[in-house]
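Coordinate inspection notes
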Amino acid sequence: MRNIIESITGEYLRYKALAEAAIAQLDESQLSTGGPNAGNSIAVICWHIAGNLRSRFTDFLTTDGEKPWRSRDEEFTHRSVTRAQLLEKWEQGWAPLVGTLERLSDADLNRTITIRDKPLRVDEALHRSLAHLSYHVGQIVYLAKSLRGKDWKYLSIPPGQSDTYNKSGARDSAREHSAALRQRQAKK
């Protein structure tokens, strides 16, 4: 059975789509613009997410999630990147995650893996990773919204539209929300 894994996969893909929809609203120079008070740029956050996902999900069940080849501190170095470079790096992180999730079954959730020499059950590691990812995607969306200002296009229910949404009966699953965000981007 893959009910739980499918649910977790859907949430990962929702956050991926949210970040990509926020990034798509920015011009190339804004991708490298730092946040307030010397905060990280979207490029830096994407480099960190990609490094984290690639490290954690390469050989997920058999090797420590903190790979010796990862340079976490380098991920936080200011960088100026093109959209193509950013998206290429982004996908390098997502590929091992998606591949791992495709191969996992719900029976794998009780297996033990290690991250930084600490044993974790697979379900704990997935929830920890998903929480970490959602934290950083929130930063990406916040920064993108700040940079876009009045031209921001909301990625979920716009302010003042909750009652309309609630009365519509629409209840997007994670996969449906992801698909809607991707569909909106494709129309551009």
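Residues numbered from 1 in each chain as written. Predicted model: local features only at pLDDT ≥ 70, side-chain atom pairs only at ≥ 80, totals over all residues. Heavy atoms only, no water.

As a further point, take the overall build of the protein chain. The helix and strand inventory of the protein chain stands at 7 helices and 2 strands. Computed over the C-alpha atoms, the radius of gyration of the protein chain is 17 Å, within 12% of the 16 Å expected from 2.2 N^0.38 for a compact globule of 188 residues. Principal-axis analysis of the C-alpha atoms places the extent of the protein chain at approximately 45 × 45 × 25 Å. Relative to its 188 residues, the protein chain shows a buried fraction of 41%. For the protein chain, restricting intrachain contacts to residue pairs at least 6 apart in sequence, the fraction spanning at least 24 positions comes to 76%. Accessible area of the protein chain: about 10200 Å², with a carbon and sulfur share of 52%. Separation between the mean location of the 28 positive side-chain charges and that of the 23 negative ones in the protein chain comes to 4 Å. (Helix = DSSP H or I, 4+ residues; strand = E, 2+ residues; numbered from the N terminus. Rg over C-alpha atoms; globule rule 2.2 N^0.38 Å. Buried < 20%, exposed > 50% of the residue type's maximum accessible area, 1.4 Å probe, protein only. Contact = heavy atoms within 4.5 Å. Areas by Shrake-Rupley, 256 points an atom, 1.4 Å probe, with all protein chains shown as cover. Lys, Arg positive; Asp, Glu negative; His and termini not counted. Charge placed at Lys NZ, Arg CZ, Asp CG, Glu CD.)

A word on the environment of A19. Of note, A19 is situated in helix 1 (residues 3-24). For A19, a relative accessible area of 0% translates into the label buried. Sequence separation of A19 and L53 is 34 residues, and the distance between their C-alpha atoms is 15 Å. The residues contacting A19, other than those within four sequence positions of it, are W90, V137 and I140.

On to the pattern of salt bridges, then. Evaluation of the coordinates by the stated rule reveals 14 salt bridges. Residue E66 is joined to R70 by a salt bridge in which the shortest nitrogen-to-oxygen separation is 3.1 Å. The exposure class assigned to E66 is partly exposed, which follows from its relative accessible area of 21%. For R70, a relative accessible area of 10% corresponds to the buried category. Because the salt bridges share partners, they merge into one network encompassing R56, E66, R70, E75 and R116. (Salt bridge = Lys/Arg side-chain N within 4 Å of Asp/Glu carboxyl O.)

This brings us to the packing of aromatic side chains. If you walk through the whole model with that rule in mind, you get 4 aromatic pairs. Between Y12 and W94, the aromatic rings sit 6.5 Å apart at their centres with planes inclined by 85°, giving edge-to-face as the arrangement. Here W94 lies in helix 4 (residues 83-103) and Y12 lies in helix 1, a separation of 82 residues in the sequence. Taking relative accessible area as the criterion, Y12 reaches 1% and is therefore assigned buried. Taking 4.9 Å as the distance between ring centres and 20° as the angle between the ring planes, the aromatic pair formed by F57 and F60 counts as stacked. Each of the two residues, F57 as well as F60, counts as buried. Here the aromatic cluster, defined as three or more aromatic residues joined through ring pairs, consists of Y12, F57, F60, W90 and W94. The ring of W94 has K16 sitting right over it, with the charged end atom 5.8 Å from the ring centre. The side chain of R54 reaches across the aromatic face of W69, ending 4.1 Å from its centre. (Phe/Tyr/Trp six-rings, centres within 6.5 Å; stacked < 30°, edge-to-face > 60°. Lys NZ or Arg CZ within 6 Å of the ring centre and 35° of its normal.)

Grouped together as the largest cluster of nonpolar side chains are 43 residues, with contacts concentrated most on Y12, I42, L126 and I140. Of all elements in the fold, only helix 1, helix 2 (42-57), helix 4, strand 1 (112-115) and helix 5 (122-148) reach the threshold of two or more residues within this core. Not counting chain neighbours up to four residues away, the residues in contact with L126 comprise I5, I8, Y12, F57, F60, L101, L104 and L109. (Core = buried A, V, L, I, M, F, W, Y, C linked by side-chain atoms within 4.5 Å.)

This part takes up the pairing of strand 1. A regular strand places its side chains on the two faces of the sheet in alternate fashion. Side chains I113 and I115 of strand 1 all project onto a buried face; the interleaved residues T112 and T114 project onto a face where none is buried. Where strand 1 lies against strand 2 (residues 118-121), 4 bridges are found, and the strand directions are antiparallel. Directly across from I113, in strand 2, lies its bridge partner L120. Count of turn residues in the strand 1/strand 2 antiparallel hairpin: 2 residues, of which R116 carries a positive phi of about 55°. (Pairing = 2+ DSSP bridges.)

The next thing to look at is unusual backbone geometry. Only a minority of non-glycine residues have a phi that is not negative, and only a minority of peptide bonds are not trans. The phi angle at A38 is positive, at roughly 65°, despite the residue not being glycine. One non-glycine residue, R116, lies in the positive phi region at around 55°. Among the structural elements, R116 can be located in the loop between strand 1 and strand 2. R116 sits in the partly exposed class, given a relative accessible area of 46%.

Checked against the element boundaries, E11 lands in helix 1. For the pair formed by E11 and H177, sequence separation is 166 residues and the distance between their alpha carbons is 9.6 Å. Leaving out residues up to four positions away in the same chain, E11 has contacts with L130 and A174.

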